[in-house]
Each structure stands twice: as structure tokens, then as C-alpha cells.
Amino acid sequence: MNDAVTSPLHPDLDLDHELLTSVGVAPDEATPVDLMRAVAQAPRQQLAERWVEAQAAERRARARRVYYLSMEFLIGRSLGNALAALDLRPTAAAAVQAHARQLEEVQAQEADAALGNGGLGRLAACFLDSMATLGLPSFGYGIRYEYGMFAQDIVDGRQVEHPDPWLADGTPWEFPRAGLNVAVHFGGWVEHEGGKARWRPAGQVCAKAYDMVIPGHGTRKVSTLRLWKAAAPAHIDLHAFNSGDYARAAEVKNEFENISWVLYPNDSTPAGRELRLRQEYFFVAASVSDILSRHLAEHGGFGNLADKVAIHLNDTHPAIGVAELIRVLCDEHGMPWGDAWSQATRIFSYTNHTLMPEALETWPVALIQHVLPRHLEIILHINHELLDQAARHRPGDEGFLRRLSLIDETGERRVRMAHLSVVGSHKVNGVSALHSQLLVKTIFADFASLWPERFTNITNGVTPRRWLAQANPALASLLDATLGAGWALDLDRLRELRPHAGDAAFRQAFMAAKRVNKERLAAHVQRELGITLDPGSLFDVQVKRFHEYKRQLLNLLHVIGRYQAMLADPQADWVPRSVIFAGKAASSYHMAKQIIRLIHDVGAVINADERLGGRLKLVFVPNYGVSVAEVIMPGADLSEQISTAGTEASGTGNMKLALNGALTIGTEDGANIEIRDAVGADNIFIFGHTAQEVTALNQGGYQPLRIYESHPALAAVLDAVSGGLFSPDEPDRYRGVVDALLWGGDRYKLLADYDAYVAAQARVDALYRDPAQWARQAIANVAGMGPFSSDRTIKEYATKVWGVAPLA
């Protein structure tokens with residue numbers, strides 16, 4: 001048996017003891033998975049102690065807390081973050097080395113927590129990290145998805161979705177709260193008697209609480225992520241089971257428990273839409289109940305509820321919480337409507353994450369009547385008072401009232417959940433300066449007329465602990481040596497790198513760190529795909545959720561154009577380039593899935609064409625998530641942030657990539673504008689139409705076919721796609737993709753921006769030919785990223801929106 005490795009600072013990390021007593025294996029027989037579970041025990045124990053300590057301190061102080069409600073928390077793996085936060089990493093590395101293993105190998109055995117999909121969930125995870133690090137009394141509330149959204153596989157170039165059973169073998173990071181169960185009701189009818197409403201629900205599901213403790217860095221403070229699992233009131237129909245009808249016996253169990261199975265179930269069917277609504281209400285109702293129970297235990301009543309509770313709605317998914325809080329206060333605790341509404345509008349705040357009207361969540365009135373009849377009554381009451389106020393604000397303006405109404409009366413009557421969020425909140429924010437400006441000029445212009453003081457901006461941020469200190473140890477070590485310790489807790493210190501850009505030795509060390517990361521990324525691609533990438537080539541990266549507005553297709557059209565140009569002039573001095581895509585498409589989003597397939601078909605042709613001499617490669621890295629991102633982002637040279645101007649609310653991938661030394665090629669959209677201002681206009685490649693110019697194109701009768709007819713090089717690219725060059729077995733496979741551009745109006749202006757994009761890519765090539773200047777500009781990007789720490793973001797929320805302060 002190996003000698004136990006302990007540390008004088010952390011004597012509780014006795015790996016052999018944990019293998020024997022916690023994992024139940026002989027130390028000499030431990031697998032990497034066994035070692036991961038054993039290593040996790042020491043941080044788990046410390047996190048438990050800190051959580052108990054934090055809760056006791058908050059109760060003693062009768063602290064005001066913020067409760068962050070989100071459908072997603074994309075936290076990734078927890079072991080590495082916990083070891084770093086608790087200063088256990090050196091001890092853990094020595095302990096696993098005694099078992100002839102590397103800590104990185106052991107950490108890789110942990111499954112990513114499948115609790116989110118894209119930027120919304122990763123933002124929420126960054127925020128919890130910062131809330132803990134800043135010492136804010138805080139909880140995150142969400143759903144304990146058993147299978148996540150899906151695990152992405154690629155079969156013959158096509159995305160195939162599989163369940164992501166991240167909990168199949170359990171996780172060491174959960175703390176089940178056995179005594180905390182909340183009954184959540186659905187359906188039924190409402191009775192009114194003596195001026196009081198009584199909801200008679202038709203069914204209920206039990207919400208069971210599971211906590212994950214989020215550690216702060218440089219502090220003993222922690223935050224709590226409380227996740228709800230749906231459980232049937234009775235596990236099986238025992239009578240049916242004993243009668244041999246096993247399917248019916250499990251039917252009730254599955255009917256209720258599927259609420260917490262999958263993130264964003266396919267909503268293309270009535271059953272899928274109803275399940276989504278039930279999901280949203282399920283976690284909101286359980287969370288509101290938990291919040292009110294905690295407050296009642298600490299304060300004995302609800303008179304000071306708004307003084308002690310801040311509830312934040314991360315997008316519209318938790319918007320039903322406004323009606324739920326009113327229902328509980330009025331119906332269950334007898335609070336008068338006026339008092340309950342006054343409390344609610346001081347408690348709630350709301351972050352909007354999209355400017356596209358079709359992406360703003362709405363629910364059919366009939367569906368809410370069926371699933372949540374009492375809540376529909378409350379929504380209609382709120383709407384009545386809203387329209388009365390609006391009529392006084394603009395007498396006789398029926399259009400103003402129609403646009404403000406919580407009920408969209410055009411076609412099928414639908415409840416506008418974004419409107420409910422705005423009306424029920426005291427603050428509404430966008431997530432970048434441009435996004436916030438456009439919010440009050442477009443989708444919420446009427447609300448801004450009514451309540452101009454309600455709207456503000458808080459630009460997104462990312463945690464530097466996860467996205468630089470942990471994901472990029474090579475660069476982090478250089479920063480430690482150059483700036484000293486502590487920069488990850490004060491990211492503004494990165495500005496001190498600016499003078500070092502002129503130091504040849506520092507540039508060499510900086511690019512050596514980048515080379516290490518590119519070699520790691522190339523090894524990942526080789527392992528996953530069997531494709532060899534040259535680490536000396538320019539690594540051109542676009543990694544994000546697939547959506548037409550994010551314009552992965554524009555990137556691909558440039559790759560095809562580059563391929564054609566290289567074949568036409570093979571002797572030219574082409575900069576070697578490896579183009580790397582990753583991301584998932586929603587299971588029902590046909591066009592996005594077609595673009596993924598097209599990337600694979602184009603890649604198959606390009607990667608096999610020996611005439612290129614390896615100077616152009618195109619790969620798609622499957623099953624994009626936090627852990628994959630932690631490999632890709634440090635290895636990127638070029639960050640593709642090319643959404644149509646006016647469509648991306650902020651973006652956070654742009655921040656993570658720039659933080660790791662990638663130069664951005666992007667439009668004036670989302671936070672790209674603020675990144676440009678922070679890093680310097682000379683250190684970013686901005687191209688394309690502005691949001692105002694896109695609006696003018698739409699109003700002026702945009703005609704993409706004319707661009708095609710007057711642009712031979714672009715026409716050759718589109719003809720290659722539509723003519724079957726990349727799908728000879730099915731020549732018409734991508735005709736619909738091209739038709740959507742030429743005949744479908746090119747909604748996201750790919751053709752309008754194509755020339756400017758190609759010209760910007762030529763500037764990228766020119767700069768990459770000058771390694772010293774490229775290094776200077778990459779360093780300038782890192783040096784300018786201080787404002788994009790999620791610590792800054794959360795400080796702004798705490799002071800401008802929540803009114804929550806750290807405990808002493």
C-alpha cells in the first residue's frame with residue numbers, strides 16, 4: 001500500500017484513507033475514477049464546513065440575500081475549481097502522483113454537470129463564482145436535470161442527440177437535503193368565496209432539494225446552488241405492479257419525474273410545450289416556497305420581505321415567479337393585493353438576453369389556464385392595473401395599450417412573459433451597452449416611456465479563475481511571474497501587462513504559452529477526430545451555440561472561398577489556417593443542423609485535398625461544453641464573433657477568448673464594441689454593417705440576389721454549395737441553405753457583410769505573417785480584459801439592482 005500523502009496545511013487529504021473508507025477500494029487497485037472520487041472528499045468536507053459557517057453567519061446577521069433564478073447553471077467540472085479555491089491543488093497533485101497518476105488525468109474522469117447549454121448557463125455559473133468570492137449572501141436556484149440537454153454525437157456529418165447521464169454514477173459534489181421537500185401543484189380550478197381565491201389543483205409533484213456548494217476564491221465565503229428534482233408523490237402504483245401491469249405501475253412516476261429529466265425538451269409538440277411550462281413553474285414554485293420559509297423562520301413575518309429578499313430573473317424562464325409570489329402572499333398568507341404587489345415589485349429584477357421578438361417567451365392563454373389557472377387570474381389582474389396606468393399615461397392611444405399588454409391578442413391569445421418580467425421588476429437590465437440601448441428603443445420602448453428609471457445596463461463578465469487561472473496554466477504561470485499573485489482576484493491588474501508588449505523576451509514567453517495550448521488543442525482534435533492540425537498554423541475558432549444569427553455559415557462561406565482561391569493560385573503565400581467549429585444546435589432547429597452537416601461535408605473535401613499541402617484544415621469538435629471549451633479557448637489565435645449587428649445581446653465567449661490572448665474578428669455587436677474600446681481599435685478586426693445600417697437595409701428593400709449576381713467570387717461559393725460539390729451523393733442537399741440566402745431574404749445579412757468579412761480576414765493574414773506584431777496585439781487583448789471580470793459585473797448588480805452587501 002502507498003504511504004498516505006498529506007500536507008501540513010491540509011492534513012485532512014489522506015488519499016489512501018479516502019479510497020478505503022469513502023470509495024471502498026484497496027489503494028493499490030484504485031482506478032483514475034476511484035482516485036477522482038477520493039480526492040473530492042477533502043474539498044467536499046471543507047465546503048460543507050464553510051457552507052454551515054456561512055449559513056449561520058447570515059442568520060445571525062439577518063442578512064439581505066440575493067436569489068438568482070435560472071433554468072441553466074453550466075458549471076462544468078467541480079474538482080479543479082474546488083482544489084484551486086481551497087488551495088488544495090499542490091497537495092492533491094502529490095497525492096495522486098504517489099499512485100503514478102497525474103492530477104489532470106484524475107480531474108478528467110469527472111463528468112461535466114449537464115445543467116445548462118450555452119452562454120445563459122455559463123454566465124449564471126460565473127456569477128455564482130463571483131458572488132461567493134465577493135462574499136454576497138446568495139443562492140442560485142435551478143433544476144437538477146438528470147440528462148442535461150443532450151450529448152452531441154456526429155454520425156455521417158449529422159448531429160445526433162443522446163441523453164447525457166451525468167448523474168448515472170452519482171457526483172461527490174451534491175448534498176441532498178432529505179428534509180426539504182416542496183409540494184408543487186398543477187391544473188384544477190379556482191374557487192372564489194368571500195373575496196378570497198382558493199386554488200383546487202388536480203395534481204402535485206414533490207420537489208426535492210439538492211445543494212452544490214460554490215466556493216469563493218481567496219475567502220471562506222461560499223454560495224449555494226440549490227437544484228430541485230421532481231419526484232412523484234408515490235413511486236409506483238403498487239396494486240398495478242402486483243397485478244402484473246408493470247408499465248402502468250411506473251406510469252405515474254415517470255409522468256411527474258420527467259419534469260427534471262431534460263433541459264429544454266423539444267417544444268415542437270403540444271406535450272413538449274406543456275412540459276416546458278411545467279418545468280419553469282416547478283422550479284420557481286419550489287424556490288419561492290424555500291425563500292419564504294427561510295424568511296419566515298428568520299423574521300417571523302413578511303412585512304420586511306422586500307428589505308431582506310432580492311430575487312433575480314435570469315431571462316424570462318422564471319417569469320412566472322412574479323405571479324407565484326403574489327399567489328402565495330395573498331392566497332396562503334392573507335396579504336392584501338396592494339401590499340403583495342408593492343413587495344413583489346421591490347423584490348424582483350430581470351435581465352433580458354435577447355432583442356429578437358420571436359425569442360421572447362410567450363405561452364398560450366389556454367395552456368396557462370390548463371396548467372396554472374390561479375396564475376392566469378393573477379396575470380390578468382396585473383394586466384388590468386397596467387393598462388389602467390398606461391391609459392392615464394397616454395390617453396386614447398390604443399396602440400400603446402396593445403403593445404404594453406401582457407396578453408398578445410393577435411391570433412392565438414398568448415401571455416408575454418418578458419412583459420410580465422418588466423412589469424413585476426423594479427430594475428431591468430441589458431447585458432452590453434449596445435444591447436441596453438436597443439432594448440429601450442425597440443422591444444421595450446413603450447415600457448421605457450412609462451418607467452424610464454427602471455432600465456439600466458450591466459455588461460456581462462466571466463470569472464478569471466475558471467477561464468484563465470484554471471483553463472490556461474501556461475499563461476497563468478507567466479502572469480504570476482510577471483504581475484505577482486492576486487491578479488485573478490483583481491483583474492484590472494492585467495493592464496500592467498501593456499508595457500511588457502514591447503519586451504521581446506516577454507513576447508517570446510507569451511507565444512510559448514500559446515504554443516503549449518495550441519499543441520494541447522491539436523492533440524485533442526487528433527484524439528477525437530483523427531485529424532492532424534499544425535500548431536504553427538493560425539487557429540481560427542468559432543465555438544458557440546448554433547443559430548443563424550451567430551452566422552457560422554458566413555465563416556464557412558469564407559472557408560469555401562479561401563479553398564477555391566487556394567486551388568486557383570496554389571503557389572501564393574497562403575497563411576496556414578486551421579478553422580475550428582464547435583457547438584450544439586437545438587434538436588428541432590433544422591437549419592442549424594444543416595449547417596453543422598455542411599461543415600462536415602466541406603471539411604471532408606478540404607482535409608482530403610492534397611493540393612492544399614495541409615495549409616487549410618476544417619474541423620468540428622463534437623459535444624461542446626465547459627471542459628471542451630477549457631481546451632479550445634486557450635489555444636485560439638482568432639476569435640470569431642460575427643453575429644449580425646443588433647442581434648447578439650452581449651456574448652461571453654468573446655471575453656473568454658480575448659482573455660486567453662485571441663484576437664477578435666467581429667461585428668459591432670454585443671460586447672464586441674466594449675472589447676474594442678478596452679483593447680484598442682487597432683487590436684481587433686471590426687467589419688460589417690452596424691445595427692443602424694442593418695435597420696436601414698431592411699427598410700430600404702434589401703435584395704441579396706443582386707449581391708450574388710454582381711459578385712462572381714461569392715456566386716462561385718454559393719454555387720459550389722447548392723450544386724453539390726460537397727455532397728455529390730446528394731447534390732440538392734444544401735439547396736435550401738442557399739435558397740434561404742438568395743430567395744428567402746438573407747435575414748441575417750450574410751451576403752451584405754461578405755466582402756467586408758473577407759477583407760477583414762485578409763488583414764488577419766497580414767498580421768499573422770508578422771509574429772512579433774501579432775504577439776504585441778495579443779498581449780494588448782489580455783491587458784485590456786480587466787473590465788470583463790464577472791466580479792465587476794456582480795459588484796454592479798449588488799449596488800445598482802439588488803442592494804446586497806458582503807457580510808463582514
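Up top is the structure.
Nothing here was measured: the structure is a model prediction, and the numbers come from that model.

Details of the sheet that holds strand E13 (residues 407-408)
Move 1: The three strands are arranged E12-E14-E13 in an open sheet whose pairing can be described as antiparallel. For this open sheet the edge positions go to strand E12 (362-364) and E13, each flanked by a neighbour on one side alone.
Move 2: Both E12 and strand E14 (residues 414-416) contribute to a ladder of three bridges, which runs antiparallel. Counterpart to Trp-363 in the pairing with E14 is Val-415.

Quick notes on the packing of helix H6 (residues 119-134) against helix H33 (residues 790-802)
Move 1: The interhelical angle for the contact between H6 and H33, taken along N-to-C directions, is 75°, at an axis separation of 9 Å. Classified by the angle between their axes, H6 and H33 sit roughly perpendicular to one another. Contact with H6, carried on its side by Cys-126, Phe-127, Ser-130, Met-131 and Leu-134, involves Ser-790, Asp-791, Thr-793, Ile-794, Lys-795, Tyr-797 and Trp-802 of H33 and no other residues of that element.
Move 2: Classifying every residue of the contact of H6 with H33 gives seven nonpolar, three polar and two charged.

Focus: unusual backbone geometry
Move 1: At Asp-87, a position not held by glycine, the phi torsion is positive, near 60°.
Move 2: On the secondary structure map, Asp-87 appears in the loop between helix H3 (79-85) and helix H4 (89-97).
Move 3: Judged by relative accessible area, Asp-87 falls into the partly exposed class, the value being 48%.

Some remarks on the sheet that holds strand E5 (residues 174-186)
Move 1: Taken in spatial order, the nine strands line up as E5-E8-E9-E2-E1-E10-E11-E15-E16 in an open sheet, and their pairing is mixed. Each having just a single partner strand, E5 and strand E16 (455-457) make up the two edges of the open sheet. Direction aside, neighbouring strands of the sheet carry axes that sit 25° apart on average.
Move 2: Two strands pair when backbone bridges link them, and strand E8 (residues 203-215) and strand E9 (residues 222-231) are joined in this way by 10 bridges, in the antiparallel orientation. Directly across from Cys-206, in E9, lies its bridge partner Ala-231.
Move 3: Strands in contact with helix H9 (residues 270-299) are strand E1 (65-69), strand E2 (138-143), E5, E8, E9 and strand E10 (309-314); relative to E5, the strand with the most contacts, it is inclined by about 110°.

As for the nonpolar core
Move 1: Ranked by size, the top nonpolar core spans 155 residues in total, and within it Val-184, Phe-282 and Trp-802 carry the most contacts.
Move 2: Looking at this core element by element, the count peaks at 11 residues for H9.
Move 3: Aside from chain neighbours lying at most four places away, what touches Phe-282 is Val-184, Phe-186, Val-205, Cys-206, Ala-207, Trp-228, Lys-229, Ala-230 and Ile-259.
Move 4: Residues Ile-595, Leu-663, Val-679 and Val-717 belong to the second largest nonpolar core, which totals 114 residues.

Remarks on H9
Move 1: End to end, H9 covers 43 Å across 30 residues, agreeing with the expected 44 Å (1.5 Å per residue, within 8%).
Move 2: Buried residues dominate H9, accounting for 23 of its 30 residues.

Some details on the side chain of Arg-465
Move 1: Residue placement: Arg-465 occurs in helix H19 (residues 464-470).
Move 2: A polar contact of 3.4 Å, which involves the side chain of Arg-465, links it to the side chain of Thr-133.
Move 3: At 2.7 Å, the side chain of Arg-465 and the side chain of Asp-791 are in polar contact.
Move 4: With residues up to four places along the chain from it excluded, the contact list for Arg-465 reads Asp-129, Ser-130, Thr-133, His-217, Gln-470, Ala-488, Leu-489 and Asp-791.

Some thoughts on the packing of aromatic side chains
Move 1: One pass over the structure, following the stated rule, counts 19 aromatic pairs.
Move 2: Seen in terms of ring centroids, Phe-687 and Tyr-757 are 5.1 Å apart; in terms of plane orientation they differ by 40°. Their pairing is tilted. Taken as a pair, Phe-687 in the loop between strand E22 (685-686) and helix H27 (691-699) and Tyr-757 in helix H31 (residues 750-768) lie far apart in primary sequence, 70 residues in all.
Move 3: Given a relative accessible area of 4%, Phe-687 falls into the buried group.
Move 4: An aromatic cluster of three or more residues is present, and its members are Tyr-68, Phe-73, Phe-127, Tyr-797 and Trp-802.
Move 5: The ring centre of Trp-451 lies 3.8 Å from the NZ or CZ of Arg-454, which sits over that ring.
Move 6: Over the face of the ring belonging to Phe-150 we find Lys-584, whose NZ or CZ atom lies 5.1 Å from the ring centre.

Reading the values: rules and limits
Residues numbered from 1 in each chain as written. Predicted model: local features only at pLDDT ≥ 70, side-chain atom pairs only at ≥ 80, totals over all residues. Heavy atoms only, no water. Pairing = 2+ DSSP bridges. Helix = DSSP H or I, 4+ residues; strand = E, 2+ residues; numbered from the N terminus. Axes fitted to C-alpha atoms, helices over the stretch in contact; angles between N-to-C directions. Parallel < 35°, antiparallel > 145°, perpendicular 65-115°, else oblique. Contact = heavy atoms within 4.5 Å. Nonpolar A, V, L, I, M, F, W, Y, C, P; charged D, E, K, R; others polar. Buried < 20%, exposed > 50% of the residue type's maximum accessible area, 1.4 Å probe, protein only. Core = buried A, V, L, I, M, F, W, Y, C linked by side-chain atoms within 4.5 Å. Expected span 1.5 Å × (residues − 1). Polar contact = N/O pair within 3.5 Å; in protein donor to acceptor, adjacent residues only side chain to side chain. Phe/Tyr/Trp six-rings, centres within 6.5 Å; stacked < 30°, edge-to-face > 60°. Lys NZ or Arg CZ within 6 Å of the ring centre and 35° of its normal.

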